[in-house]
Amino acid sequence: MKKAFLFFLILTVLYSCKKERVVGTITEKAMVVSARKEASKIGSDILQKGGNAFDAMVATELALAVAYPYAGNLGGGGFMVYRKNTGEIGALDYREKAPLAAHKDMYLDSLGNVIKNKSTLGAMAVGIPGTVAGVFATHKKFGSLPIQEILAPVIALAKKGVVVTQKQENRIKKYQHYFLEVNKDSILFDKPWKKGDTIKYPALAATLERIAENGRDEFYKGETARRLVDFMQNNGGIMTEEDLAKYEARWRTPITFTYDDLRIISMSPPASGGICLAQIMNGIEPFDLDKYGHNSTKAMQVITEAERRAYADRSFYLGDPDFVEIPIKTLISKEYTKNRMNDFSFEKATSSTDVSHGNITMVESDETTHYSIVDQFGNAISATTTINGAYGSKLYCSDLGFFLNNEMDDFSSKPGVPNMFGLVGAEANKIEPEKRMLSSMTPTIIEKNNQLYMVVGTPGGSTIITSVLQTILNVHEFDMGMQEAVNQPRFHHQWLPDVIKMEPKGFDEQVKKDLQQLGYKLDETNSPVIGKVDAILVLPNGKLEGGADPRGDDTAVGF
């Protein structure tokens, strides 16, 4: 709690002395910003060796699997958006998939009721991992250094070990009872790890060595695949060798739209981030946010009402595009959003009960991680990766050295029935074999005057989209630098429940009173932290400013 208090004290000081501009790490040529210094440094070192952003993506992603097991992973998946220095853009979907034996009623008992914890804890919660496929697909298409050279420092880190931070000590303590509940034998994380201790990962190092030697197929068709399937089945799971052998990462077309003089490039379904971000920003664009002022009553009203309408559409229309027809063009058109905002008034809050679409939105857990990369050649990557819950399903494969995801909970276990977050999913996201579950992840790249301008993303479950939004607005509308934009207190509205979640102690008391008088319900209790944004801003002189979120151990490293 002392840490949290200190963080909010820092925030309060930041807001009260606005004239003192906070500036993040500045570098000349290249930068990596991620959840752990060790991962950022390994990524930056790969760039310094002459590697490109795609080589650094492989290194950073897998270094996070070592340094940040809370969310970094081999046992999960994610999304990546890229922009090459030529202006070419693209997106990679390495989201987990449902096993072949999965079916829509797999979490229901004989009476049709959802079985508690079955989709969140243990082997039945696990989707087929995509991370290894994702990094190898990236490397095959764009990599310049040999994979062995990229993985060497990651393997060295796993052998040497990673020093426990205070935040990591707190996290391990918080979730330890689940490890004991889920795992048959004791695991590495059962020990009373303290700040300053070093955790070594020999089993993970051995797994990474096999992958470096034998390539992608080691994880999906080789010895590692066989050992993983044996472990899963011994723990009551349904994953098979066929599931792993059939997994492929998918190249997707990113969502693109404009806001003022910016071009936004963000992730397409099965991530909902790009479409929701487009809808919200289209809703905000006609209003003069910069004149209303940062986190003023009017600015917060406009943003909240645009968010309310976008989230109302989210679960009704969105799912895996290989399974569901999604009206993307309509949803991200300015005309559509203009009609959605027609009934908004500054005089009072809109009630969410008056806003269709009739199925309550679903949400995923906060324990995701994001990293942003710009290389010395001008290529940029925005990537968000996850095992869903904190330490995923809490099931740890000691033989291979990593946690498995609990991504199956991101499906609708039963349309109309709340998941672990008390929120309800829709038919578009029902469980089907080989289907990818809907996500909120929003890795985003922004251009200004056809040039690279920002790289941004965050963890935070359903708050991912709104955290990315507010960071962009802080720079574009309110003239902040990147670190300053990342540090600001954040708020969030997701249609249902009909409340504005706010980080405590960051907002003006009069603004809060005004919002309540207009009919808005505020909740500062359940949102001590909203998002952990890691972002890069290209400054007018061509240098890079990193925004590494003080809410975590996040760090920017570059040269």
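Residues numbered from 1 in each chain as written. Predicted model: local features only at pLDDT ≥ 70, side-chain atom pairs only at ≥ 80, totals over all residues. Heavy atoms only, no water.

Visitor: Explanation requested: the UniProt feature "active site" (unreviewed entry) in the protein in the structure shown.
Guide: Mapped onto the present numbering, the UniProt feature "active site" (unreviewed entry) falls on T368. As for its placement among the helices and strands, T368 is situated in strand β10 (residues 368-374). In this structure T368 comes out as buried when scored by relative accessible area, which is 2%. Here T386 takes part through its side chain, which lies 3.1 Å from a polar atom of the side chain of T368. (UniProt positions renumbered as here; feature names shortened; annotations may be inferred. Helix = DSSP H or I, 4+ residues; strand = E, 2+ residues; numbered from the N terminus. Buried < 20%, exposed > 50% of the residue type's maximum accessible area, 1.4 Å probe, protein only. Polar contact = N/O pair within 3.5 Å; in protein donor to acceptor, adjacent residues only side chain to side chain.)

Visitor: Any chance you could explain the environment of Q516 here in plain terms?
Guide: Note on placement: Q516 falls in helix α18 (residues 509-517). As a C-alpha pair, Q516 and D409 span 107 residues in sequence and 34 Å in three-dimensional space.

Visitor: What is the right way to read the packing of helix α13 (residues 297-317) against helix α16 (residues 464-476) from this model?
Guide: Axis angle and axis distance: for two packed helices, these are the angle between their axes and the distance between the axes, and together they describe the pair. Their axes nearest at 12 Å, the elements α13 and α16 cross at an angle of 145 degrees. Classified by chirality, the crossing of α16 by α13 is right-handed. Between α13 and α16, the residues in contact are I303, E307 and Y311 and I465, T466, L469, Q470 and L473, respectively. For the contact of α13 with α16, a count of residues per class yields five nonpolar, two polar and one charged. (Axes fitted to C-alpha atoms, helices over the stretch in contact; angles between N-to-C directions. Left-handed = near helix turned anticlockwise from the far one by under 90°. Contact = heavy atoms within 4.5 Å. Nonpolar A, V, L, I, M, F, W, Y, C, P; charged D, E, K, R; others polar.)

Visitor: Just to check I follow, could you spell out empty space enclosed by the protein for this structure?
Guide: The rolling of a water-molecule-sized probe over the atoms marks out the regions of remaining empty space. According to the stated counting rule, one finds seven cavities of 30 Å³ or more in the structure shown. Approximately 100 Å³ is the volume attributed to the largest cavity. Taken together, 16 residues line the largest cavity, and the ones lying closest to its centre are H294, N295, Q470, N474 and F491. Among the secondary structure elements, those contributing two or more residues to the lining of the largest cavity are α13, α16 and α17 (482-487). Top contributing element to the lining of the largest cavity by residue count: α16, with four residues. Split into classes, the residues belonging to the lining of the largest cavity amount to nine nonpolar, six polar and one charged. Computed from the structure, the second largest cavity encloses a volume of approximately 60 Å³. Along its surface, the second largest cavity is lined by A65, P69, G72, N73, L74, Y201, L204, I387, Y396, G401, F402 and F403. Tallied by class, the residues present in the lining of the second largest cavity amount to nine nonpolar, three polar and no charged. (1 Å grid on protein atoms, 1.4 Å probe; cavity = no way out; pocket = protein on both sides within 12 Å on 5 of 7 lines; lining within 4 Å. Points joined across faces, edges and corners; volume = space filled by probe spheres on them.)

Visitor: So what exactly am I meant to see when it comes to the environment of F402 here?
Guide: Residue position: F402 is located in strand β13 (residues 402-403). The class of F402 is buried, set by a relative accessible area of 4%. For the pair formed by F402 and A203, sequence separation is 199 residues and the distance between their alpha carbons is 8.4 Å. With residues up to four places along the chain from it excluded, the contact list for F402 reads L74, G75, L204, T207, F219, L228, L395, Y396 and C397.

Visitor: Before we go on, may I ask you to explain the domain arrangement of the protein in this structure?
Guide: How big an interface is tends to be expressed through the accessible area that disappears when the partners come together. Domain annotation of the protein identifies domain 1 (35-70 + 103-247 + 390-429) and domain 2 (252-364 + 442-549). Averaged C-alpha coordinates put domain 1 and domain 2 at centres separated by 29 Å. (Domains from an automatic or database assignment.)

Visitor: For this particular structure, what's the right way to read the confidence of the model for the protein?
Guide: It should be kept in mind that the predicted coordinates are not to be read in detail where pLDDT is low. Summary statistics for the protein give a mean pLDDT of 93 and a share of 93% for residues scoring 70 or more. In this model, residues 358-363 is a region of pLDDT below 50 whose contacts with residues beyond four sequence positions or in other chains number 34 contacts. (pLDDT = per-residue confidence, 0-100.)

Visitor: Explain the layout of surface pockets to me, please; I cannot follow it from the model alone.
Guide: The space that makes up the second largest pocket amounts to roughly 270 Å³. Taken together, 14 residues form the lining of the second largest pocket, with K448, Y453, L537, V538 and P540 sitting closest to its centre. Mapped by element, the contributors of at least two residues to the lining of the second largest pocket are β15 (451-456) and β19 (534-538). The leading source of residues in the lining of the second largest pocket is β15, at three residues. Residue classes in the lining of the second largest pocket are distributed as eight nonpolar, three polar and three charged.

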